[in-house]
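# Commentary on secondary and tertiary structure
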Amino acid sequence: QVQLVESGGGLVQAGGSLRLSCAASGRTRTTYFMGWFRQAPGKEREFVAAITWSGGITDYADSVKGRFTISRDNVKNTMYLQMNSLKPEDTAAYYCAAKSGDTYGRTPRLYDYWGQGTQVTVSS
């Protein structure tokens, strides 16, 4: 019903910035919440940030608050994650996700649609 494709990952030095994009297609108006998750080697998939369809409400993990900014452009059907002041601990595969319904949660299994992931590597 909804297809998601991430892009924008790459290699960057600590303190640098990257901007991730998530292009959505299909019945995107049925997804009230969209978010970003990440998974590092040896770690479980974790919540990074989420945003409502209107973009009026956002939620951030404590580890990225103040450094990352989530946004969406509903005309382009694209969600973004601006990542500043990157740290080696941010190194992970980043995934775009979307959730149907009007209930909110940070648990990955609550999200119905997922992208393929884009790798972000931050060097020391």
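Shown above is the structure to which this text applies.
No experiment lies behind these values; they were computed from the predicted model shown. (Residues numbered from 1 in each chain as written. Predicted model: local features only at pLDDT ≥ 70, side-chain atom pairs only at ≥ 80, totals over all residues. Heavy atoms only, no water.)

## As for the sheet that holds strand 3 (residues 18-26)
Put simply, the test is: Following DSSP output, two strands are said to pair if at least two bridges run between them. The secondary structure listing takes helices from DSSP runs of H or I that are at least 4 residues long and strands from runs of E that are at least 2 residues long, numbered from the N terminus. For helices, the axis comes from a line fit to the C-alpha atoms of the stretch in contact; other axes are also lines fit to C-alpha atoms, and the angle between any two N-to-C directions lies between 0 and 180 degrees.
One open sheet holds the four strands; their spatial order is 1-3-8-7, and the pairing between them is antiparallel. Only two strands of the sheet have a single partner each, and these edge strands are strand 1 (2-7) and strand 7 (68-73). Across the sheet, the mean angle from the axis of one strand to that of its neighbour is 15 degrees, orientation sign disregarded.

## What about the side chain of Lys99?
Selection criterion: With a 1.4 Å probe rolled over the protein chains alone, any residue whose accessible area is under 20% of its type maximum counts as buried; one over 50% counts as exposed, and the rest are partly exposed. The charge count includes Lys and Arg as positive and Asp and Glu as negative, but it does not include His or the ends of the chains. Here, a salt bridge means any Lys or Arg side-chain nitrogen found within 4 Å of an Asp or Glu carboxyl oxygen. The contact criterion used is simple: two residues touch if any of their non-hydrogen atoms lie within 4.5 Å.
If you trace the backbone, Lys99 turns up in strand 9 (residues 92-100). Of the side chains bearing the opposite charge, Asp112 lies closest to the buried Lys99, which forms no salt bridge; the N-O distance is 6.0 Å. The contact partners of Lys99, leaving out residues within four places of it in the chain, are Thr30, Thr31, Tyr32, Phe33, Tyr104, Leu110, Tyr111 and Asp112.

## Some points on the side chain of Arg67
Inspection of the secondary structure assignment puts Arg67 in the loop between strand 6 (58-60) and strand 7. A residue is classified by how much of its surface remains accessible, and Arg67, at 12% relative accessible area, is buried. Excluding anything up to four places from it in sequence, Arg67 contacts Gln82, Met83, Asn84, Ser85, Leu86, Lys87 and Asp90.

## Digging into the environment of Gln3
When you line up the elements, Gln3 lands in strand 1. Its relative accessible area of 41% is what places Gln3 among the partly exposed residues. Sequence separation between Gln3 and Gln116 is 113 residues; the distance between their C-alpha atoms is 10.0 Å.

## Quick look at the state of the cysteines
Put simply, the rule is: When the sulfur atoms of two cysteines come within 2.5 Å, that pair is taken as a disulfide.
All told, the structure shown has one disulfide when counted by the stated rule. Here Cys22 pairs with Cys96 through a disulfide, and the sulfurs are 1.9 Å apart. Between Cys22 and Cys96 the sulfur-sulfur dihedral comes to about -70 degrees; the bridge is accordingly left-handed. Of the two residues, Cys22 sits in strand 3 while Cys96 sits in strand 9, which places them 74 residues apart along the sequence. When sorted by exposure, Cys22 lands in the same class as Cys96, which is buried.

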